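# Descriptive analysis of the structure
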Amino acid sequence: MTPAATPSAIVVDAVSVERNGVRVLESVTTTIDAHRVAVIGANGSGKSTFARLLNGLIVPSSGSVRVAGLDPVRQARKVRELVAFLFTNPESQIIMPTVAEDVAFSLRASGLPREEVSRRVIGILRHYGLDDLADRPAHELSGGQKQLLALCSGLVREPGILVADEPTTLLDAANTRRVSDALIALPQRLIVVTHDLALAARCDTALLFDRGRLIAQGDPGELIARYERELC
Amino acid sequence: MAGPLSLYVPGTSPLHRLPASVKLLGLLIGGLVITVPRPEPLLLGVAAAVLVALYLVAGLGLTELARQVWAVRWIIVVVLVGQLLFLPWHVAALTSIRMLLAILLAALVTLTTRASDILEAIERGLGPLRRLGVRTERIALVLGMAIRAVPIVIDLASEARDSQRARGVGGGPTAMVVPLLVGALRHADDVADALAARGMDDDEEPVMLEGSERLRGASRRPPRR
Amino acid sequence: MSESRPFSLSLSDLTRIAVFAALVAALGLAGAISLFGNAVPITLQTLGVMLAGTILGAWRGAISMTVLLVLVAVGLPLLSGGRGGFGVFLGPSAGYLLGWVAGAAVIGLLAAPRRGARPRPWRVLVACLVGGIGVVYLIGVPVQSLVTGVPLGETALLSLVFVPGDIVKAVLATLITVAVAKAYPAAFGGRRAATTPSEPTTASKTTA
């Protein structure tokens with residue numbers, strides 16, 4: 001599988017973000033064209049803000065963001081069709097009461113016939129081993145299952161890009177492994193903000209943030225080493 | 001069992017299979033027949049007989065009927081005591097029986113109908129409002145989100161209680177409810193982000209006439225002058 | 001921001017409406033006490049109704065309480081003591097439940113006529129007393145009288161038992177509202193402005 005389905009690059013040009021008088025991102029410029037990209041850095045370094053720029057959840061104070069040529073703020077709807085987002089806490093991104101309902105919710109505006117919706121829902125749940133739980137209340141799932149459900153609900157819309165913000169932070173070791181494996185296996189372009197350096201190491205390239213600045217971009221192994229040496 | 005968050009008792013009786021909308025209509029008519037006329041022994045006797053028959057048809061049996069009566073025993077007792085202070089005893093008794101019958105009839109619908117089926121019936125019933133510009137699917141969305149939020153808020157509440165105990169703070173409700181509320185509000189705002197990320201726009205709503213430019217992108221932008 | 005139009009609900013409005021409906025349900029689990037001589041149990045749920053009005057405002061508070069009542073009606077056991085189903089709307093407390101919707105609306109109107117305004121304690125207290133007690137009883141008592149057959153005046157007399165408890169709840173609701181305004185200022189600004197959920201550095205501290 002290749003990232004051929006993913007349209008062209010993400011281009012971030014001189015983006016700064018200011019919130020309540022505090023600069024949380026300082027003049028970030030980068031082009032992302034790799035399949036799997038890790039975003040690493042300490043708490044408060046601006047990683048999560050960077051991730052949220054990519055689907056318009058955060059608006060740049062200056063500079064521009066283009067995702068496959070689209071502006072995430074002005075063309076929010078199109079960008080959010082293209083970019084799925086996985087948050088840290090699955091609890092707040094599972095919206096409907098039961099597993100299947102939550103995945104189906106993502107397709108509510110798709111105009112697909114009912115049978116096609118449930119076919120896709122069951123298909124993706126089966127792929128991630130959740131099909132037996134389809135009619136169960138979401139709150140009965142384990143943490144790892146919830147995060148996989150959130151992933152299903154994002155992927156069922158067949159996005160070209162997945163942005164994940166610390167998707168394994170709240171999970172135990174076994175579930176971290178399951179979710180990481182699922183992310184790394186995606187055919188989509190993956191941008192994953194993470195403190196889990198093992199997950200970062202499995203990516204093709206990495207971005208290293210420090211105090212609101214993008215200070216390096218390149219091979220994950222080298223950047224992880226630098227992060228541990230200089231910033232920990 | 002259908003889980004703690006439901007009063008539905010699974011079954012395959014004719015009452016279970018009846019469409020939710022028919023049962024709701026039946027409840028409306030039955031409720032009116034029982035509660036509107038003056039409470040007469042004959043009417044209430046017939047109603048009681050029909051009710052017992054319906055519980056049997058639904059396969060719920062007399063045990064479930066007894067359980068339902070038992071569940072509202074305090075309400076009945078307490079109402080009866082209040083009535084006896086002010087009303088002749090036979091009027092008090094008939095009014096209490098009337099109320100009990102109405103509650104049992106409503107319980108019959110609740111016991112034989114899935115909550116999701118009733119919600120669907122409501123959504124369909126609201127369909128005509130679409131023409132007036134009401135987005136009925138948003139109503140369904142909010143109802144679904146509320147059901148989903150109940151166990152989460154319960155977790156937040158027990159967390160708030162535990163941390164209050166752990167800090168050894170006194171047990172006033174304020175000390176528990178404030179962190180609970182803050183947690184609930186933060187959760188609500190996180191869910192709003194997740195909704196946006198899943199392609200739901202602030203301006204998806206055509207009845208929103210405010211500048212969509214501002215609402216679409218600027219939800220997180222601090223006001224600028 | 002002037003948001004007087006009732007149906008210009010943003011996504012965070014929708015989620016807050018849903019979460020507050022759940023919150024009032026959760027407060028019901030704290031338990032109910034039935035007082036002798038009356039059929040309406042005392043619960044923390046009415047505290048939640050007051051908070052829905054003070055924090056969400058009139059429209060959102062009223063919609064939120066409607067959502068809760070719809071869920072109760074369809075058979076979810078979300079009222080104190082695990083009560084639910086259509087039956088509760090045919091029982092003696094039906095009017096008080098409907099009063100929650102109107103009560104939350106009146107509280108919202110009196111407590112914060114303008115959205116985004118910081119709550120002032122005395123206003124909030126008056127709002128909770130008028131909306132959370134006055135309005136709720138105004139609807140609750142006549143309906144209770146209808147259902148039980150006890151004349152209006154006597155029903156009102158019986159319901160007086162609950163007024164002291166409700167006054168305590170109005171005071172609590174005021175204290176809590178003011179505390180929440182400090183702990184999570186975005187509660188009254190509509191949308192939080194500057195927190196990134198997963199970055200603890202920006203998470204607001206709870207000062208309970």
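What counts and how
- Residues numbered from 1 in each chain as written.
- Chains lettered and ligands numbered in written order.
- Predicted model: local features only at pLDDT ≥ 70, side-chain atom pairs only at ≥ 80, totals over all residues.
- Heavy atoms only, no water.
- Helix = DSSP H or I, 4+ residues; strand = E, 2+ residues; numbered from the N terminus.
- Expected span 1.5 Å × (residues − 1).
- Buried < 20%, exposed > 50% of the residue type's maximum accessible area, 1.4 Å probe, protein only.
- Arc of directions from axis to C-beta.
- Contact = heavy atoms within 4.5 Å.
- Core = buried A, V, L, I, M, F, W, Y, C linked by side-chain atoms within 4.5 Å.
- Domains from an automatic or database assignment.
- pLDDT = per-residue confidence, 0-100.
- Patch = residues over 30% accessible without salt bridge, like charges linked within 9 Å, V, L, I, M, F, W, Y side chains within 5 Å.
- Areas by Shrake-Rupley, 256 points an atom, 1.4 Å probe, with all protein chains shown as cover.
- Salt bridge = Lys/Arg side-chain N within 4 Å of Asp/Glu carboxyl O.
- Phe/Tyr/Trp six-rings, centres within 6.5 Å; stacked < 30°, edge-to-face > 60°.
- Lys NZ or Arg CZ within 6 Å of the ring centre and 35° of its normal.
- Pairing = 2+ DSSP bridges.
- Axes fitted to C-alpha atoms, helices over the stretch in contact; angles between N-to-C directions.

### Notes on helix 3 (residues 41-57) of chain B
All names here are of chain B. Between the first and last C-alpha of helix 3 there are 24 Å, a value that for 17 residues agrees with the 24 Å anticipated at 1.5 Å per step. Listing the buried residues of helix 3 in full gives Leu44, Ala47, Leu51 and Tyr55. When helix 3 is viewed along its axis, its buried side chains cluster within an angular range of 75 degrees and face the same direction. Those residues of helix 3 that are buried are in contact with helix 2 (20-35), helix 4 (61-71) and helix 6 (89-112).

### Quick look at the nonpolar core
If you look at the biggest cluster of nonpolar residues, it comprises 124 residues, and the most contacted ones within it are A:Phe50 and C:Trp100. It is helix 9 (residues 173-197) of chain B that contributes the most residues to this core, 15 residues altogether. Formed jointly, this core draws a minimum of three residues from each of two domains, domain 1 (14-125) and domain 2 (133-220) of chain B. In contact with C:Trp100, other than residues within four places in its own chain, are C:Val24, C:Gln45, C:Thr46, C:Val49, C:Met65, C:Leu68, C:Leu69, C:Leu79 and C:Val136. In terms of nonpolar packing, the next biggest core, distinct from the first, is built from 46 residues, A:Leu149, A:Leu190, A:Leu197 and A:Ala206 among them.

### A short note on the confidence of the model for chain B
Predicted coordinates in areas of low pLDDT are best not read in detail. All names here are of chain B. When pLDDT is averaged across chain B, the result is 79; 84% of the residues are at 70 or more. Looking across chain B, the model is least confident in helix 10 (residues 212-217), with a mean pLDDT of 32, and most confident in helix 3, with 93. With pLDDT under 50 throughout, residues 204-225 is counted as low confidence; its partners more than four residues away or in other chains account for 52 contacts.

### Remarks on a nonpolar patch on the surface
All names here are of chain C. Together, Leu109, Leu110, Trp122, Val126, Leu129, Val130, Ile167, Val171 and Leu175 give the surface a local cluster of nonpolar side chains, amounting to about 790 Å² of exposed area. Those elements that provide at least two residues to the nonpolar patch are helix 4 (94-111), helix 5 (121-148) and helix 7 (163-183). Counting residues per element, the nonpolar patch draws most heavily on helix 5, which supplies four residues. As for its position among the elements, Ile167 is in helix 7.

### Let's talk about the packing of aromatic side chains
The way to describe two aromatic rings as a pair is by their centre distance and the angle between their planes. If you walk through the whole model with that rule in mind, you get three aromatic pairs over all chains. Taking 5.1 Å as the distance between ring centres and 50 degrees as the angle between the ring planes, the aromatic pair formed by A:Phe50 and A:Phe209 counts as tilted. Separated by 159 residues along the polypeptide, A:Phe50 in helix 1 (residues 47-53) and A:Phe209 in strand 8 (residues 205-210) bring together distant segments of the chain. Judged by relative accessible area, A:Phe209 falls into the buried class, the value being 0%. Ring geometry for A:Phe85 against A:Phe87: centres 4.6 Å apart, planes inclined by 40 degrees, an arrangement best described as tilted. Judged by its relative accessible area of 6%, A:Phe87 falls in the buried class. Sitting over the face of the ring of A:Phe105, A:Arg108 holds its NZ or CZ atom 4.5 Å from the ring centroid. One residue, B:Arg73, lies across the ring of B:Trp70, its end atom 4.1 Å from the ring centre.

### A word on the sheet that holds strand 7 (residues 189-193) of chain A
Residues and elements named next belong to chain A. With mixed pairing, the six strands of this open sheet are ordered in space as 5-6-7-3-8-9. Edge positions in the open sheet fall to strand 5 (83-86) and strand 9 (213-218), since each of these has one partner strand only. Pairs of neighbouring strands in the sheet enclose a mean axial angle of 15 degrees, with direction left out of account. The pairing of strand 5 with strand 6 (residues 161-165) spans four bridges and is parallel. Bridging across to strand 6, Phe85 finds its partner in Val163. Lying on the sheet, helix 8 (residues 220-231) is in contact with strand 3 (36-41), strand 8 and strand 9; it crosses strand 8 at an angle near 20 degrees.

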